[in-house]
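# Notes for the structure review
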Amino acid sequence: MKEPDHELLTTIRDQLKSAKKVLVITHQRPDGDAIGSLLAIGLALLSAGKEVQMVLKEGIPDNFRFLEGSDLVSTKPHGNVDYIIVVDSAEIERTDTELNSEVPDLNIDHHKTNTQFALINLVESEAVATAEIITRYLPDFGFSISQSIANALLTGIVTDTIGFRTTNVNPQVLRMVANLIELGGNLAEIYHKTIVEQSLASARYWGAGLTKIKMDDGLVWTTLSLNERQSAGYPARDDADLVKVLSAIEGAKIAIILTEQAGGYVKISWRLCNDADPDLDVSEIAQKFGGGGHKAAAGADVKGKLDEVLVKVLEDTKRSMNHVKATIEKIR
């Protein structure tokens, strides 16, 4: 992985040292990497004596409230700040946070489709998670990693790699995880809480999606409707990580879940499976629908009816798969 130049890291360090009132935000419908990165940066700044606001419009999901610092997260910013940090968000619009037209000072992210929207953009698309980037550079920024910060960072890495199952996991990442454990991180608890454990409501929600699974030539998909979410009693607006089940299906190359949202929108999630052709990149598919992400996982929010959006998504995804397949065969 290409290292950022020393001057950039020094600039970030100096700015964080000078900042007094800091706002840290991440994307809406946050996953474990977004939450872990938010908490890690926020807790590090708090330990340095800064006034810190960690903001998530929807708050911390129940399944991540075991992390220290989650009670400090508010749903909207207040008052004046002199430094804004955005973590794990490819676009500023995805934060859904009112910034009064202010340009963020620092953008830390690992999504290939990041739009470089901040004054300083620390974006490394080869990283398995934004939490990996933060783990690597926190010491360069002048912060030590406490036990609570280690747990937050482990959460980001564990969840974005689906428990170290993604193909981009490498020895460097595993050494980093070992170091976080040495600093007090509880890998066993984090793995259980974020990968294994499910609420009764999410299990019921999974049931609705599992009964509708379809598969065609390596593409596996299902849908989740608003009525099904309400019937299950599932409180969030995501797919409850059902996509990780679909991506484990034998023979699957790409897994897709479409989740109906209020207001006539559909949330689309793509996940690359282990059997996929190495040249497949789901972020390129997501970009066609106004979304983004990285090679192994991407998403988009599209206006339209669930069934109609599904048809377009399947057509475009199959077209991309066939194009990659044809290119590989031509090379051979």
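Quick summary incoming for the structure in this document.

Conventions used here
- Residues numbered from 1 in each chain as written.
- Predicted model: local features only at pLDDT ≥ 70, side-chain atom pairs only at ≥ 80, totals over all residues.
- Heavy atoms only, no water.
- Helix = DSSP H or I, 4+ residues; strand = E, 2+ residues; numbered from the N terminus.
- Expected span 1.5 Å × (residues − 1).
- Buried < 20%, exposed > 50% of the residue type's maximum accessible area, 1.4 Å probe, protein only.
- Pairing = 2+ DSSP bridges.
- Contact = heavy atoms within 4.5 Å.
- Axes fitted to C-alpha atoms, helices over the stretch in contact; angles between N-to-C directions.
- Phe/Tyr/Trp six-rings, centres within 6.5 Å; stacked < 30°, edge-to-face > 60°.
- Arc of directions from axis to C-beta.
- Core = buried A, V, L, I, M, F, W, Y, C linked by side-chain atoms within 4.5 Å.
- Right-handed = clockwise from strand over helix to strand, strands pointing away.
- Salt bridge = Lys/Arg side-chain N within 4 Å of Asp/Glu carboxyl O.

### What about helix H2 (residues 32-47)?
Over its 16 residues, H2 extends 22 Å from the first C-alpha to the last, a length consistent with the 22 Å expected when each residue adds 1.5 Å. The buried count for H2 comes to 14 of 16 residues, which makes it a mostly enclosed element. Where H2 terminates, the next one or two residues include Gly 49, which has phi positive at roughly 85°.

### Focus on the sheet that holds strand E6 (residues 120-123)
The strands that make up a sheet pair up through hydrogen bonds in the backbone, lying either parallel or antiparallel. With parallel pairing, six strands are arranged side by side in an open sheet as E3-E2-E1-E4-E5-E6. Only two strands of the sheet have a single neighbouring strand rather than two, namely strand E3 (73-74) and E6. In the packing of helix H1 (residues 6-18) onto the sheet, contacts are made with strand E4 (83-87), strand E5 (106-109) and E6, and the angle to E6 comes to roughly 120°. Contacts between H2 and the sheet are confined to strand E1 (21-25), strand E2 (51-55), E3, E4 and E5, with E2 contributing the most and set at about 170° to the helix.

### Let's talk about the packing of aromatic side chains
Enumeration over the complete set of coordinates arrives at three aromatic pairs. With a centroid separation of 6.4 Å and an interplanar angle of 35°, the aromatic rings of Tyr 137 and Phe 141 are classed as tilted. When the ring of Tyr 205 is compared with that of Tyr 234, the centres are 5.0 Å apart and the planes differ by 20°; the resulting orientation is stacked. Of this pair, Tyr 205 sits in helix H7 (residues 200-210) while Tyr 234 is found in the loop between helix H8 (226-232) and helix H9 (243-246), placing the two residues 29 residues apart along the sequence. Tyr 205 sits in the buried class, given a relative accessible area of 0%. Exposure remark for Tyr 234: the relative accessible area of 13% places this residue in the buried category.

### Let's talk about the sheet that holds strand E9 (residues 254-261)
Spatially, six strands are ordered E7-E8-E9-E10-E12-E11 in an open sheet, and the strand pairing comes out mixed. Each edge of the open sheet carries a strand with a single partner, namely strand E7 (214-216) and strand E11 (292-293). One ladder, built from seven bridges, connects strand E10 (residues 265-272) with strand E12 (residues 297-303); its direction is antiparallel. Paired with Trp 270 across the two strands is Ala 298, which belongs to E12.

### As for helix H6 (residues 187-196)
Those residues of H6 lying buried are Ile 190, Thr 194 and Ile 195. Looking straight down H6, one finds its buried side chains confined to an arc of 90°; they lie on one side. Of the surrounding elements, those touching the buried residues of H6 are helix H4 (147-160) and H9.

### Section: the nonpolar core
Ranked by internal contacts, the top residues of the largest apolar core, which has 52 residues, are Val 24, Ile 41, Leu 45, Ile 85, Leu 138, Phe 141 and Leu 153. Top contributing element to this core by residue count: H2, with eight residues. Among the nonpolar cores identified, the runner-up in size contains 26 residues, and Ile 268, Leu 272, Ala 298 and Leu 314 belong to it.

### Quick notes on the environment of Ile 268
Its place among the elements puts Ile 268 in strand E10. Taking C-alpha positions, Ile 268 is 8.9 Å from Gly 291, a pair spaced 23 residues apart along the chain. Beyond its immediate stretch of four places on either side in the chain, Ile 268 contacts Ile 256, Ile 257, Leu 258, Phe 289, Ala 298, Gly 299, Ala 300, Val 302, Val 309 and Val 313.

### Section: the pairing of E1
A large share of E1 lies buried, amounting to four of its five residues. One ladder, built from five bridges, connects E1 with E2; its direction is parallel. Within E2, the position partnered with Lys 21 by the bridge is Glu 51. This β-α-β element, E1 to H2 to E2, shows right-handed connectivity. Bridge analysis of E1 against E4 gives four bridges, and the strand direction is parallel. By the bridge assignment for E4, Ile 25 is matched with Val 86.

### Quick word on the pattern of salt bridges
Taken as a whole and judged by the stated rule, the model has twelve salt bridges. Taking the shortest distance from any N to any O, the salt bridge between Arg 29 and Asp 301 comes out at 2.6 Å. Residue Arg 29 is located in the loop between E1 and H2, and its partner Asp 301 is located in strand E12; the two are separated by 272 residues in the primary sequence. Given a relative accessible area of 33%, Asp 301 falls into the partly exposed group. Two residues, Lys 112 and Asp 281, come together in a salt bridge whose shortest N-O distance is 2.5 Å. One end of the pair, Lys 112, is in the loop between E5 and E6; the other, Asp 281, is in the loop between E10 and helix H10 (282-287), with 169 residues separating them in the sequence. In this structure Lys 112 comes out as partly exposed when scored by relative accessible area, which is 43%. Looking at Asp 281, the relative accessible area reads 10%, which means it is buried. Three or more residues joined by partner-sharing salt bridges are found here, namely Lys 112, Asp 281 and Glu 284.

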